[in-house]
Amino acid sequence: MDRAAQDEALLARIGIDEISRKERALRRGRLGQGLAFMAPALLLVIGLLLAPVAANVWLSFTRWKKFAGFDEFAGFSNYQKLPSNPFFTEALVNTAIWVGASLIFPIALGLGMAIFFRNMRGAEVFKSIVFIPRVLAPTSVGVLWFYIYAPDGLLNRGLSLVTGSKVDIGWLYESTTVTPAIIATFVWQTAGLVMVLLLLGLAAIPRDPVEAALIDGAKPGQIFRHITLPLLMPTLLMVMILSVLAGFTVFDLLWVMGANYPGQRSLALAVFMYFEAFQKSNWAFGSAVAVVIGLVVLSVTWIQTILQTRVDQMVR
Amino acid sequence: MALDLATLDLDAIARKEAGRRRQPGWKLAVAVTVSLLWVVPFYYLAISIFKSDQEYALKPPLSLPKGVAPVLDNVARAWALGDMGHAMLNSALYGIVGAGLAVLFAAMAAYAIARLDIPGRGGWFMLIFAGTVFPFQMYLIPLFFGFQRLGILNSHFGMLLFYTAICVPFPTLVLRNFMSGLGREMDEAARMDGAGELTIFARIVLPNTLGPMTAVFLLQFTWIWNDMLFSTVLGNRPETRSIMNALLIFQGSYSSTGPNVILTAALVASIPSVALFFLLRRHFMEGLKVQQA
């Protein structure tokens with residue numbers, strides 16, 4: 001008997017077919033059990049999150065008719081209308097400002113405070129103070145700052161006191177000040193979280209390389225640039241992405257604080273989308289704006305995945 | 001308890017001692033200045049709720065209130081005019097039931113993915129986790145029309161359904177990671193003794209997962225409590241309105257009530273999430289850590 005035939009006979013005696021059949025049945029059984037356990041989660045996520053996203057994409061290619069609903073396929077016409085809409089282009093510019101600002105200010109402030117407070121005695125109190133705004137609801141924060149920025153509010157009265165002459169700036173009423181003012185509120189609310197996350201990241205950095213560098217006579221600045229910062233990079237990247245996504249999709253603050261601003265819909269893409277759909281009933285057009293927002297968010301997440309792998313490789 | 005070697009690191013102790021002695025005064029000055037910038041809005045909020053309409057309008061905004069009595073009137077007016085009691089009950093219902101069910105369903109899914117060796121578990125996980133990828137704007141219009149067609153727009157059931165769904169994906173991630181780290185000896189032993197998967201899940205895995213489940217429950221509860229967008233779109237009726245939506249509407253009627261009353265409403269609306277945070281800070285910090293992982 002040759003080798004192959006011998007093996008064949010041996011396998012037949014063990015009953016390999018029987019085993020693999022049983023194995024398959026077992027796996028099927030486990031899948032059945034697993035599906036039973038996953039069923040509520042799957043049904044909810046598919047039915048109320050993923051299906052709406054798919055429906056939204058489809059709606060963006062239709063035309064809305066008052067009584068028939070969304071029954072007419074319209075190709076890209078909803079998207080083609082976007083660039084010629086002055087509110088859309090303005091919202092796009094403002095959203096770009098938000099993205100830039102949320103990438104710079106919360107990160108710079110949060111990183112600065114994390115490094116500053118890290119080894120400080122009694123820093124717990126200060127850290128808590130900076131973190132508390134994050135615990136308040138965004139709507140409450142918006143209401144609070146709405147009155148701080150009001151014409152006769154805290155900021156104007158404070159400025160009047162400092163400058164000695166009456167300051168009467170309509171912070172939330174003028175196009176030049178409304179976005180910076182709300183961004184300042186956003187920074188006030190989110191810098192504390194950035195700080196806490198970076199402190200967690202800093203705490204996870206091993207002491208050994210820092211000790212070694214200290215013994216070799218490295219200066220604190222050098223240690224930060226060449227050791228701490230590269231090791232903090234993964235956390236920093238994660239925090240930056242979180243911040244950009246938060247700034248890109250900010251809605252509550254703009255909705256509350258921009259309530260009296262005449263061009264409220266152009267404050268950001270998210271507000272423009274809400275306005276077109278739920279106030280002007282331009283449903284198909286609104287869903288096209290939502291798709292644009294979704295595409296940007298997906299590309300940011302995609303860039304994050306790429307950068308994350310790169311940074312991980314660098315650190316290793 | 002195991003001996004923690006880090007606490008015996010004498011060098012570190014010496015270094016800390018040295019650091020303590022060297023702390024310069026300018027550091028404290030900077031810290032105080034920065035904190036002041038953060039504190040002033042809070043201070044303004046804290047004193048405004050103690051002012052009557054007249055006092056708020058006439059006195060400088062940062063002056064101390066004359067007394068604490070007006071706060072009762074402010075709360076009473078905010079409570080009545082903003083219909084806050086009703087809205088708070090709604091939000092409590094959405095937060096407790098929605099986040100509770102979501103965490104339970106997430107734990108079940110995580111059990112299947114992390115401990116049942118089902119085929120294609122990476123794919124099943126990605127399917128559930130995909131619910132965190134898209135911006136909220138992509139859900140709004142289809143949900144609005146879908147709920148309208150099903151007759152559950154502006155109903156407690158519809159709100160609960162949505163809040164439960166949106167709170168499932170993130171806890172699934174956290175609990176899956178946690179459950180894959182748990183040892184399997186107990187499961188195997190129970191399985192040998194003929195226990196079903198439901199028994200193993202409920203009697204062995206769940207009790208060991210209560211810590212992370214509490215952490216994600218708190219995060220999700222706070223998210224639901226603070227949500228204004230979905231409550232405005234899916235439940236904008238007095239009977240189903242959430243607290244943040246009620247606050248928004250109350251503020252919109254600004255002309256009839258003074259800022260002191262509306263600021264009081266804003267503070268009262270945030271009390272539950274702030275109180276929860278301070279009571280259960282450890283769990284929140286745990287939640288932040290898992291959010292980062």
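Note that the coordinates shown come from a computational prediction; the quantities given were computed from them, not determined experimentally. (Residues numbered from 1 in each chain as written. Chains lettered and ligands numbered in written order. Predicted model: local features only at pLDDT ≥ 70, side-chain atom pairs only at ≥ 80, totals over all residues.)

## Describing the overall build of chain A
Along the backbone of chain A there are 13 helices and two strands. A globule of 316 residues ought to have a C-alpha radius of gyration of about 20 Å, yet chain A, at 28 Å, is considerably larger. Considering only C-alpha atoms, chain A reaches an extent of 110 × 75 × 30 Å along its principal axes. Each of the 316 residues in chain A was classed as buried or not, and the buried ones make up 38%. (Helix = DSSP H or I, 4+ residues; strand = E, 2+ residues; numbered from the N terminus. Rg over C-alpha atoms; globule rule 2.2 N^0.38 Å. Buried ≥ 20, exposed ≤ 12 C-beta atoms within 10 Å, placed from the backbone.)

## Topic: unusual backbone geometry
A positive phi angle is found at Ser281 of chain A, which is not glycine, with a value near 55°. Structurally, Ser281 of chain A can be placed in the loop between helix H12 (269–279) and helix H13 (283–315). The phi dihedral of Asp83 of chain B is positive, around 50°, even though this residue is not glycine. Inspection of the secondary structure puts Asp83 of chain B in the loop between helix H4 (70–81) and helix H5 (84–115).

## Topic: helix H2 (residues 16–59) of chain A
For H2 of chain A, spanning 44 residues, the distance from its first C-alpha to its last is only 53 Å, which falls clearly below the expected 64 Å at 1.5 Å a residue. Considered for burial, the residues of H2 of chain A that qualify are Gly34, Phe37, Met38, Ala41, Leu44, Val45, Leu48, Leu49, Pro52, Val53, Asn56 and Leu59 of chain A. (Expected span 1.5 Å × (residues − 1).)

## What to know about the nonpolar core
Core analysis: the largest hydrophobic core is formed by 163 residues, its most contacted members being Val271 of chain A together with Ala109 and Tyr111 of chain B. Looking at this core element by element, the count peaks at 16 residues for H5 of chain B. Those residues in contact with Val271 of chain A, other than ones at most four positions away along the chain, are Ala91, Phe251, Leu254, Trp255, Gln264 and Arg265 of chain A. (Core = buried A, V, L, I, M, F, W, Y, C linked by C-beta atoms within 7 Å. Contact = placed C-beta atoms within 7 Å.)

## Examining the interface of chain A and chain B
Across the boundary between the two partners, chain A contributes 63 residues, which contact 72 residues of chain B. It is H2 of chain A that contributes the most residues to the side of chain A that touches chain B, 20 residues altogether. Taken together, the residues that form the side of chain A that touches chain B break down as 47 nonpolar, 11 polar and five charged. (Nonpolar A, V, L, I, M, F, W, Y, C, P; charged D, E, K, R; others polar.)

## Overview of H4 of chain B
All names here are of chain B. The terminal C-alpha atoms of H4 lie 16 Å apart, and with 12 residues this matches the ideal 16 Å at 1.5 Å per residue to within 8%. Of the positions making up H4, those classed as buried are Pro70, Asn74 and Ala78. Down the axis, H4 shows its buried residues gathered within 70° of arc, on one side only. Summarising the geometry of H4, the exposed residues directed more than 90 degrees from the buried face are Leu72, Ala76 and Ala80. Where H4 is buried, its residues meet H5 and helix H15 (259–279). Looking at the residues trailing H4, positive phi occurs at Asp83, about 50°. (Arc of directions from axis to C-beta.)

## Quick word on the confidence of the model for chain B
Residues and elements named next belong to chain B. Considering every residue of chain B, the mean pLDDT works out to 87; 88% of them sit at 70 or more. Element-level mean pLDDT values for chain B span from 60 in helix H1 (residues 10–22) up to 98 in helix H8 (residues 156–166). Counted against residues more than four places away or in other chains, residues 1–6, with its pLDDT under 50, gives zero contacts. At the level of chain-chain contacts, confidence expressed as ipTM amounts to 0.88, with global pTM at 0.89. (pLDDT = per-residue confidence, 0-100.)

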